Structures are given as C-alpha cells and as structure tokens.
Amino acid sequence: MIVKKEMIAMLLAGGQGSRLGILTENMAKPAVSFGGKYRIIDFPLSNCINSGVDTVGVLTQYMPLRLNAHVGIGIPWDLDKNVGGVSVLSPYEKIENTEWYTGTANAIYQNLAYMESYNPDYVLILSGDHIYKMDYEAMLDFHKENGADVTIAVMPVPMEEAGRFGIMITDEEHRITDFEEKPAHPRSNLASMGIYIFSWETLKKALVENADQPNLDFGKHIIPYCRDNGSPLYAYEFNGYWKDVGTLTSYWEANMELIDIVPEFNLYEEFWKIYTRSTSNVPQFFGPDSKAERSIIGEGTEVLGKVYNSVIGCNVEIGEGAVVSGSILMNGTKIGRGARLDKVITAEDVIVGDGAVLGQGEDIPNDTRPDIYRDGLVTLGEGTVVPPGVSIGRNVMIAGKTEAADYPHGRLESGRTLVKEGDAQ
C-alpha cells in the first residue's frame, strides 16, 4: 500500500566517526552523548518533528546497537506513528548484489523501495552528526518558490577556511552555477552543509543512472549528474548555529559553548525544543560542601565535590573534595573523593579513583594519534578504570580497566596512550 507524503527525510547515521577516537569504539558517532542528557542524533530528529516532517528513515551501519536502542520507535520525538514515523534502515541481504552501504548516495539508493512506499514529492537528505537547529519547512518553501530540482543548504564561512568545504558558486537569484570540492583557491565562501532537498523524480533518476558508480556519493556523483543534466540547483543560505562535531576538539568546544553566559546555541528555547530518550527520572543531588559554576548537570547526578565550566551527564557521581573543570563527563561516570580533572572527556561508565589527578603537565603530542588526541585533552574510553592516586598528563588516551602497575612511578606522562589489552582497542 502506497501512502502519500509530501516530504520524507532520510537521515544518514551509519558513520564510524573515527576522528572522535575511542569515543566511537562501541557506537556510531550519532549515538555519542552531547550536552549532558542528549545524543548527537537528537538534534536532526528534533529538527524534523519541529519542522513538520513526520516520516524519517534512519540509515545505520557501524555499531548500530546503541543508536537503534536510543531511536527505538521514535516516542521522544513524536515519531511513533502508524503511517510514517521513524524507521531504522540497516543494510540487508538481497538475492543478488548484497553489499554494505558504500557511500552516502549508495545508502539512499539501497532504500529506494522504502522511499517509493511513501510516493513523496520531495526527499530531505540529512546527516546524523551535526549540532544545529533548522526549519526544514522554510527550506522546502524556498525549493518550491524557485522551481528547484535540488536545493543545497549552505552557510557562509570565513574565506580563509573555505578550502576545507564543498563550496557553492551562485548567481544573484541563488542558483548554483558551479561548485568546487575543497578548492585551493575558493571563489566563494558558501559551504555545503550536507543537507539536501531533492524533487523525488530527480533523485530517483540520478540514483538509478549512477547505481554502478563505486562508493556512490552525493557530492562526487549525484549533484554533478543533476547539474550536467540540466536540473535547476539552488543554494539555501543558513545563518544560524551549525557545528560539525567530527573531532574531539570540535566536540569539546561545542559542549563548552553550551555553558557560555549567553550561549550561541540555546538548549532552553520553548518554541524549538530538543527531544531525547530520557535515561533517568531521578533529580540531581548536591551535597553540603558541593559547588557548581557555569555547568550543565544531568538528571540523577550526585555532586559532593566542585564542578566548574563543565558538562556533566546523567547518573554521574562526583565524590567529596573532587574538583572537575573544563570537562565532559558522560552518563554513569564515577569520580572518586579528592580527584582533580581538567579538560577531561570521559565516555560512559568510567571510574576515576580517589585522589587521581588528570590533565596536568606539558602539552606534548600524543604518541599514537597526535591528530586526534590533542589540544590538552585527556580522553577516557567507555568502561575505563583509573586507579586511585595516579597522575595523568595532557593529550592522553586511556582505555580499559587499568591498575596501579600500569602507571610507572604513579604517573602517565603527557602524550601517552594506555590501552589495557583485552579491554579495548
């Protein structure tokens, strides 16, 4: 049975997010915690329901268990519907040509039957790993008004940074006349946000005609095909907050921006709420000697020590005399009495022993992945245990249930990587 929908969304959420290092060892990037109680995928899903888009296909692939459990049947986003709602779309075995999703457009192509079941007029393509608020209905109105076949959301970036993005060149009517992928000498500063609206027949034809392309991709294959075949392409300019949290540094910075005195990205707006699957109905508790300044504290968290300029998840415990500053502690983390943490990111269910000191020392490059573990951050993988009394430098990554014997002279120097064999990779 075909049920007509004006516009459906296809949300690409299968990425590994390797630049987030140990944080994505056990889950896809869209499932990583953000802002205390949320996960990254909550933002595009909330944008959908706030924009009136009530049919969303979530395409998963890498480590999907945590993401699938979080999305469920879409209850928190009012996407648990008999017709439409949210559907989790994983690669599946076919009679022939079975394959994983091999590119962004290939993932969409493999779900043509899902899209056809709604006979949409338009298809909205989204990424599941950006932090932003956008009214997709306003973008659709722009698409219709201009008679576009393809509309690409763009945002102005500093010209000196334009070489990092796909850049759109437009005329006075916002029609795309040319585009460049990470140009050495950019002719424009309008960067693609990886958000597209396609007229359905245009998208279907482009996917079918290019199905044999290896690693079928929107930027490399589908958009150029549409241009070369005369489809009107338009750029929809977005001037709000948008953050790609694809690296540990950008992830840390985006969380810290939430606790600015006047945050550029406001989680508290009534007219554009961010919804999530709640992990706890228990309130926070602050002990008699506790202190919290300019911080987000999640539900069910117990603070007996002091917290400064930090984002704390749900069901976290911070012991008496502990001091946490400039840090992100994800759900279930336990910080021992008298511990001191500065610029630390913990994944979920981490234990830091009494009196441990994390984030003190020189800014020495990491010995295994200096491109990931940098900018003075200490990163602890899911379920990591740090024993009592040890001292840990900066640009350090630790994974696994470590013991005192793993820390020569009670210290792990800056720039070191410690992975306890059998616990993590």
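Definitions and limits used
- All residue numbers refer to positions counted from 1 along the written sequence of the respective chain.
- For a predicted model such as this one, the threshold for reporting local features is a pLDDT of at least 70, and the threshold for listing and counting side-chain atom pairs is 80 or more; totals across whole chains, interfaces and linings nevertheless cover every residue.
- Excluding hydrogens and water, the side-chain figures rest on all heavy atoms present in the structure.
- Working definition: rings of Phe, Tyr and Trp (its six-membered ring) pair if their centres are within 6.5 Å, and the pair is stacked with planes under 30 degrees apart, edge-to-face with planes over 60 apart, and tilted otherwise.
- Think of it this way: any DSSP run of H or I at least four residues long counts as a helix, any run of E at least two long counts as a strand, and we number them from the N terminus.
- Each residue is assigned to one of three classes by its accessible area relative to the maximum for its type, calculated with a 1.4 Å probe on protein chains only: buried under 20%, partly exposed between the two thresholds, exposed over 50%.
- In this scheme, Lys NZ or Arg CZ marks a charge over a ring once it lies within 6 Å of the ring centre and within 35 degrees of the ring normal.
- Only when DSSP finds a minimum of two bridges between them are two strands counted as paired.
- In this analysis, two residues are considered to be in contact whenever any of their non-hydrogen atoms come within 4.5 Å of each other.
- The directions from the helix axis to the C-beta atoms are what the arc is built from.
- Any N or O atom pair separated by 3.5 Å or less is treated as a polar contact, with the protein-specific requirement of one donor-capable and one acceptor-capable atom, and with residues adjacent in sequence counted only for side-chain atom pairs.
- In this description, a nonpolar core means a group of buried Ala, Val, Leu, Ile, Met, Phe, Trp, Tyr and Cys residues linked to one another through side-chain atoms lying within 4.5 Å.
- All axes here are fitted lines through C-alpha atoms, helices being fitted over the stretch that makes contact, and every angle between N-to-C directions spans 0 to 180 degrees.
- Throughout this description, any angle smaller than 35 degrees is read as roughly parallel, any larger than 145 degrees as roughly antiparallel, any in the 65 to 115 degree range as roughly perpendicular, and the remainder as oblique.
- Should the near helix be turned counterclockwise from the far one by less than a right angle, the crossing is left-handed, whereas a clockwise turn marks it as right-handed.
- Method remark: on a 1 Å grid restricted to protein atoms, a set of points is classed as a cavity if a 1.4 Å probe fits but cannot get out and as a pocket if it is open with protein on both sides within 12 Å along at least five of seven lines; lining residues have an atom within 4 Å of a point.
- Grid points are joined across faces, edges and corners, and a volume is the space filled by probe spheres set on the points.
- Polar here means any residue other than Ala, Val, Leu, Ile, Met, Phe, Trp, Tyr, Cys and Pro, which are nonpolar, and Asp, Glu, Lys and Arg, which are charged; Gly is therefore polar.
- We count a salt bridge whenever a side-chain nitrogen from Lys or Arg sits within 4 Å of a carboxyl oxygen from Asp or Glu.

### So, the packing of aromatic side chains
Here the distance between the centres and the angle between the planes together describe a pair of aromatic rings.
In step 1: Scanning all chains against the criterion turns up 11 aromatic pairs.
In step 2: Consider the rings of Tyr241 and Phe265, whose centres lie 5.0 Å apart with planes at 40°: the pair is tilted. Taken together, the positions of Tyr241 in the loop between strand S12 (233-237) and strand S13 (242-244) and Phe265 in the loop between helix H8 (248-257) and strand S14 (285-286) put the pair 24 residues apart, joining distant regions of the chain. Taken as a pair, Tyr241 and Phe265 share a single burial class, namely buried.
In step 3: It is Lys133 that lies over the ring of Phe265; its NZ or CZ is 5.2 Å from the centre.
In step 4: Above the face of the Trp252 ring, Lys343 is positioned so that its terminal group lies 4.7 Å from the ring centre.

### As for the pairing of strand S4 (residues 55-59)
Both faces of the sheet carry side chains from a regular strand, because those side chains alternate between them.
In step 1: With respect to burial, S4 is a largely interior element, 5 of its 5 residues being buried.
In step 2: Every second residue of S4 is oriented toward a common face, with Thr55, Gly57 and Leu59 on one face and Val56 and Val58 on the other, all of them buried.
In step 3: In the sheet, S4 pairs with strand S5 (residues 85-89) via 5 bridges, with the strands oriented parallel. Bridge pairing in S5 places Thr55 opposite Gly85.

### Description of the environment of Met168
In step 1: Note on placement: Met168 falls in strand S9 (residues 166-170).
In step 2: Residue Met168 is classed as buried on the basis of its relative accessible area, which comes to 6%.
In step 3: The contacts of Met168, once residues within four sequence positions are left out, are Ile152, Val154, Ile176, Asp178, Phe179, Ser188, Leu190 and Ser192.

### Considerations on helix H5 (residues 136-145)
In step 1: Within the span of H5, buried status applies to Tyr136, Met139, Leu140, Phe142 and His143. The buried side chains of H5 occupy one side of the element, clustering within an arc of 155° when seen end-on.
In step 2: Capping of H5 at its N-terminal end is provided by Asp135; its side-chain oxygen lies 3.0 Å from the backbone amide nitrogen of Glu137.
In step 3: With its phi angle positive at about 60°, Gly147 sits one or two positions after the end of H5.

### Quick word on the nonpolar core
In step 1: Counting 69 residues, the largest nonpolar core has Phe34, Leu45, Leu126, Met134, Ile195, Tyr251 and Ile345 as the members making the most contacts within it.
In step 2: The greatest single-element share of this core, amounting to 5 residues, is contributed by H8.
In step 3: Sequence-distant contacts of Phe34, that is, excluding residues within four places in its chain, are made with Arg39, Ile40, Phe43, Ile131, Val245, Tyr251, Ala254, Asn255 and Leu258.
In step 4: Within the second largest apolar cluster, 36 residues are counted, among which are Leu89, Leu190, Tyr196 and Leu233.

### Remarks on the packing of helix H6 (residues 200-209) against helix H7 (residues 218-228)
Any two packed helices are characterised by the angle at which their axes cross and by the distance between the axes.
In step 1: Relative orientation of the contacting elements H6 and H7 amounts to 120°, with a least axis distance of 10 Å. On the basis of their axis angle, the class for H6 and H7 is oblique. Read as a crossing pair, H6 and H7 show a hand that is right-handed. Between H6, through Thr202, Leu203, Lys205, Ala206, Leu207 and Glu209, and H7, the contact on the second element is made entirely by Phe218, Ile222, Tyr225 and Cys226.

### A word on empty space enclosed by the protein
In step 1: Counted by the stated rule, this structure contains 2 cavities of 30 Å³ or more.
In step 2: In this structure, the largest cavity encloses a volume near 70 Å³.
In step 3: Its residues assigned to classes, the lining of the largest cavity shows 5 nonpolar, 1 polar and 3 charged.
In step 4: By volume, the second largest cavity amounts to about 40 Å³.
In step 5: Looking at the second largest cavity, the residues that line it are Ser33, Phe34, Gly35, Gly36, Tyr251, Asn255, Val311, Gly313, Ile328, Leu329, Met330 and Asn331.
In step 6: Elements supplying a minimum of two residues to the lining of the second largest cavity: strand S2 (33-34), H8 and strand S22 (328-329).
In step 7: Grouping the constituent residues of the lining of the second largest cavity by class yields 6 nonpolar, 6 polar and no charged.

### Looking at the pattern of salt bridges
In step 1: A complete count under the given rule lists 27 salt bridges for this structure.
In step 2: A salt bridge links Lys291 to Glu293, with the shortest nitrogen-to-oxygen separation between them at 3.2 Å.
In step 3: What makes Lys291 partly exposed here is its relative accessible area of 36%.
In step 4: Under the relative-accessibility criterion, Glu293 is labelled partly exposed at 38%.

This is a description of form; function is not addressed.
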